[in-house]
Amino acid sequence: MFKQSATKLLELNEEKVKEWLESFDAVITDCDGVLWVYGDVIPGSVDVMNRFKDIGKKIFFCTNNSTKTRKELLTKSKNMGFNITEDEVISTANSLAAYLKARNFNKKAYVIGSEGITKELDAVGIDHNKVGPEHMPGSLLQYLSNNFELEDDIGAVLVGFDEYFSFPKMTKAASYLSRPECLFIATNTDERFPMPNMVVPGTGSFVRAIETCAERKATVIGKPNVAMCEHLINNGTIVPERTLMIGDRCNTDILLGYNCGFQTLLVGSGIHQLNDVDSWKASNDPELHKLIPDVYLPKLGDLLAYM
C-alpha cells in the first residue's frame, strides 16, 4: 500500500489506516529517533510497540548503534518498558562479530569503536585491541618518532562509533589498511545523531575520514545493507512484502526497507523530515527516489489511536 508515496497517515480516515495496519505481520524499527532519543523515551513509542506485539505482530529493534551489545540494548529497552527479547534485537556490533566469525577470521582486529564491539568479539573468540582514548603526546613528529607502533598480526580494521576518535587512531587504521589483505569493515555510515539543539558526529564521519586517508572503501555491515535482516528473510521468520520498516533516517532505515522489499514508515521525530522527502520527489535521480517512504507520521505514538 502507498508504495513510495510518503502518504500522511494522519490525513487518512480511520478505516484506511486500519487497512494499512492489517497489511503487515512483522515490524522492524530503528531505535534512536524513533523509540527514544539518547536516554529519553519518545512519547507513545512504548505503547505502540507493545501493542503491535499484543495483537500478534512480530517485532524487532534494529539499530546501527554499535556502542552496546545485544544484551545491553535489551536491558535498556526493557528498562524503558518495551516488551522485547534478545532474539528480537538486531545490532551492528553483534552482526559485525557474526560476519567475522562466519568467515573464520583468526587474526587480531584493530577496533576504532566502543566496548559494544569488543564484547561481541570476545563472545566469538576474536582477539582485539583495547578501546578507549589514544592521545598524541607532543607534536606529530614526536608521536611518529617515539610512540607510533604497528602490530604484525592485525587482519582487520573495524570502525564503529568512537567518542575518543583521534589522529593516532586514524593514522594506525590507514597504515594497517595499506596491507591489501587487511579487512576494512564499518558498522554503519550514519552521519550524525538526532540530538536536540546540537549536531553530534556519527560513525559515518569517522568512516569517511579513514576511507579518504586509506584510499579504500569500507564494507558496511549496518543499515541499509540487507545483511542486517537477511537471516530473518532466509529462515522464513518474516515475509518482505508483509514486513514494515520504521525509521527516522531515510538513507539508512527507509533505504534498508527498499533494499529488502519491505513496506516503509518515516517518522518525523529524528533526522529526516517531509521537506527532505519533497526534494527527493522533485529530483530526477533514481537513487534519491529510493529514499521516499511509503507513509509518514510525525511520531510513532500517533498510531496508538488506531490500534
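All residue numbers here refer to positions counted from 1 along the written sequence of the relevant chain. Restriction of local features to residues with pLDDT of at least 70 applies here, the model being predicted, together with a cutoff of 80 or more for giving and counting side-chain atom pairs; totals for whole chains, interfaces and linings are based on all residues. The basis for every side-chain value is the complete set of heavy atoms in the structure, and neither hydrogens nor water enter the calculation.

With an unreviewed UniProt entry as reference, the protein is termed Haloacid dehalogenase-like hydrolase, source organism Musca domestica. UniProt positions are given in the numbering used here, feature names are shortened, and annotations may be inferred rather than shown by experiment. Turning to the protein, the UniProt record has this under Sequence similarities (unreviewed entry): "Belongs to the HAD-like hydrolase superfamily."

J.: Honestly, the UniProt feature "active site" (unreviewed entry) in the protein in this entry has me stumped. Any pointers?
T.: As recorded in UniProt, the sites labelled "active site" (unreviewed entry) are Asp 30 and Asp 32. The topology assignment puts Asp 30 in the loop between strand 2 (26–29) and strand 3 (36–37). Here a residue-residue contact requires only that any non-hydrogen atoms of the pair lie within 4.5 Å. Sequence-distant contacts of Asp 30, that is, excluding residues within four places in its chain, are made with Leu 35, Cys 62, Thr 63, Lys 223, Met 245, Ile 246, Gly 247, Asp 248 and Asp 253. There is a polar contact of 2.7 Å between the side chain of Asp 30 and the side chain of Lys 223. In this text, helices come from DSSP runs of H or I with a minimum length of four residues, and strands from runs of E with a minimum of two, each type numbered from the N-terminal end. Here Asp 32 lies in the loop between strand 2 and strand 3. Judged by its relative accessible area of 15%, Asp 32 is buried. For the purposes of these results, a polar contact is taken to be a pair of N or O atoms within 3.5 Å, where, inside protein, one atom must be able to donate a hydrogen and its partner to accept one; residues adjacent in sequence count only when each atom of the pair is a side-chain atom. When a residue's accessible area, from a 1.4 Å probe over protein chains only, is under 20% of the maximum for its type it is buried; when over 50% it is exposed; and in between it is partly exposed.

J.: Honestly, the pairing of strand 7 (residues 108–112) in this entry has me stumped. Any pointers?
T.: For a regular strand, the rule is simple: side chains alternate between the two faces of the sheet. Counting buried residues in strand 7 gives five out of five residues, a clear majority hidden from the surface. Pairing between strands requires that DSSP locate at least two bridges from one strand to the other. As defined by bridge partners, strand 7 adjoins strand 8 (residues 154–159) across five bridges and the pair is classed as parallel. Within strand 8, the position partnered with Lys 108 by the bridge is Ile 154.

J.: Explain the sheet that holds strand 12 (residues 219–220) to me, please; I cannot follow it from the model alone.
T.: Working definition: the strands of a sheet are paired by backbone hydrogen bonds and lie parallel or antiparallel to each other. Reading across the sheet, the four strands line up as 7-8-9-12 and stay open at both edges, with parallel pairing between neighbours. Pairing within the sheet leaves two strands with one partner each, and these edge strands are strand 7 and strand 12. Interaxial angles span 0 to 180 degrees and are taken between N-to-C directions of axes, which are lines fitted to C-alpha atoms, for helices over the stretch in contact. Each of strand 7 and strand 8 touches helix 7 (residues 167–176); the most contacted strand, strand 7, lies at about 145° to it.

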